Amino acid sequence: MSVRCQPHGEQDLSGSVIMDVVAHEIGALYAAERGRLSRFVRRLLGNGTGSEDLVQQVFLRLLTNGGPEHGRATLMAAARNLTLNHLRDIRRRGETALSDEAFARLVDVAPSPETVTLYRSELRQLLEAVAALPPRRRTIFVLSRFEGLSHAEIGARLDIAPRTVVNQLVAALATLDRALGPT
């Protein structure tokens, strides 16, 4: 149902109006047929990787070739042809299609040697700075940050007021901040 011809004596529709009408028709066809075409392409591919891209290519070709005048059978044939061409190209190049999950399993998540060296250096600096704290302040800091005790638990263990624990932690953090500098 594309607007291509004009009745005698009427003004010619501009190319942009025709393209708007065709684009609207293709948009409606896309909304109606995308799911069915996607399932069809997924079956041909054997997995879901790339099926949406191929369906979009079908509709892009439909738009660039003038519109949806031949209907759903043409869509299925175009989807089948594009999918078979895609599979042939993969076979010819020797590519292996991987799902996102399979690709994620291949990626090495271990830190690089440079990162390991950097982390070790930062850890060494932190431990040296903690070791340089006054003994009572160091004990409070270690109990709080490394062992996860609350201020009340530290106060009970060291027989000091929880407010003293807070004051000592603030002082320890300020000293460590100065010793380690900006990050």
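The coordinates are above.
Residues numbered from 1 in each chain as written. Predicted model: local features only at pLDDT ≥ 70, side-chain atom pairs only at ≥ 80, totals over all residues. Heavy atoms only, no water.

Visitor: Looking at this structure, how should I read the overall build of the chain?
Guide: Helices and strands together make up the secondary structure of the chain, namely eight helices and zero strands. In sequence order, the secondary structure elements of the chain are arranged as α-α-α-α-α-α-α-α. When the 183 residues of the chain are sorted by exposure, 23% land in the buried category. About 12,800 Å² of surface is accessible on the chain, with carbon and sulfur atoms providing 56% of the total. (Helix = DSSP H or I, 4+ residues; strand = E, 2+ residues; numbered from the N terminus. Buried < 20%, exposed > 50% of the residue type's maximum accessible area, 1.4 Å probe, protein only. Areas by Shrake-Rupley, 256 points an atom, 1.4 Å probe, with all protein chains shown as cover.)

Visitor: How should I be thinking about the packing of aromatic side chains in this particular structure?
Guide: Two aromatic rings are characterised by how far apart their centres lie and by the angle between their planes. Going through the model one piece at a time under the given rule, you end up with one aromatic pair. Each ring, one from F141 and one from F146, has its centre 5.8 Å from the other, and the planes form 75°; the classification is edge-to-face. (Phe/Tyr/Trp six-rings, centres within 6.5 Å; stacked < 30°, edge-to-face > 60°.)

Visitor: Sorry if this is basic, but what is going on with a nonpolar patch on the surface here?
Guide: Judged by side-chain polarity, L123, L127 and F146 come together as a nonpolar surface patch covering roughly 290 Å² of accessible area. Tracing the backbone shows L127 in helix α5 (residues 113-131). Since its relative accessible area comes to 45%, L127 is described here as partly exposed. (Patch = residues over 30% accessible without salt bridge, like charges linked within 9 Å, V, L, I, M, F, W, Y side chains within 5 Å. Salt bridge = Lys/Arg side-chain N within 4 Å of Asp/Glu carboxyl O.)

Visitor: Which parts of the structure should I look at to understand unusual backbone geometry?
Guide: The general pattern is negative phi for most residues beyond glycine and trans for most peptide bonds. One non-glycine residue, D159, lies in positive phi territory at about 60°. Inspection of the secondary structure puts D159 in the loop between α7 (151-158) and α8 (162-180).

Visitor: Please clarify how the nonpolar core should be interpreted in this entry.
Guide: Among soluble globular proteins, nonpolar side chains are generally buried collectively. Ranked by internal contacts, the top residues of the largest apolar core, which has 15 residues, are L37, V41, F59, L62, L75 and A79. Dropping the residues within four chain positions of it, L37 is found in contact with V55, F59, L75, M76 and A79. (Core = buried A, V, L, I, M, F, W, Y, C linked by side-chain atoms within 4.5 Å. Contact = heavy atoms within 4.5 Å.)

Visitor: What is the right way to read the environment of R178 from this model?
Guide: Position of R178 relative to the elements: it lies in helix α8. Counting along the chain gives 49 residues from R178 to A129, while the straight-line C-alpha distance between them is 9.6 Å.

Visitor: What exactly am I supposed to notice about the packing of α7 against α8 here?
Guide: A pair of packed helices can be characterised by two numbers: the angle between their axes and the separation between those axes. At a minimum axis separation of 8 Å, α7 and α8 run at an interaxial angle of 105°. One element, α7, and the other, α8, form an angle in the roughly perpendicular class. Between α7 and α8, the residues in contact are H151, A152, I154 and G155 and P162, V165, V166 and L169, respectively. Looking at the contact of α7 with α8 residue by residue, the class counts come to six nonpolar, two polar and no charged. (Axes fitted to C-alpha atoms, helices over the stretch in contact; angles between N-to-C directions. Parallel < 35°, antiparallel > 145°, perpendicular 65-115°, else oblique. Nonpolar A, V, L, I, M, F, W, Y, C, P; charged D, E, K, R; others polar.)

Visitor: Mind showing me how you'd approach helix α6 (residues 135-146) here?
Guide: With 12 residues, α6 extends 15 Å from end C-alpha to end C-alpha; this agrees with the ideal 16 Å at 1.5 Å per step. Residues of α6 that are buried sit in contact with α5, α7 and α8. Count one or two residues on from α6 and you reach G148, which has phi positive near 75°. (Expected span 1.5 Å × (residues − 1).)

Visitor: How should the packing of helix α2 (residues 51-64) against helix α3 (residues 72-93) be read in this particular structure?
Guide: Two elements in contact, α2 and α3, have axes whose closest approach is 9 Å; the angle formed by their N-to-C orientations is 125°. By the angle between their axes, α2 is oblique relative to α3. Between α2 and α3 the crossing geometry is right-handed. On α3, the residues that touch L54, Q57, V58, F59, R61 and L62 of α2 are L75, A78, A79, L82, T83 and H86. Its residues assigned to classes, the contact of α2 with α3 comprises eight nonpolar, three polar and one charged. (Left-handed = near helix turned anticlockwise from the far one by under 90°.)

Visitor: So what exactly am I meant to see when it comes to the side chain of S38 here?
Guide: Within the fold, S38 resides in helix α1 (residues 15-45). What S38 contacts, discounting residues up to four positions off in sequence, is S51, E52 and V55.

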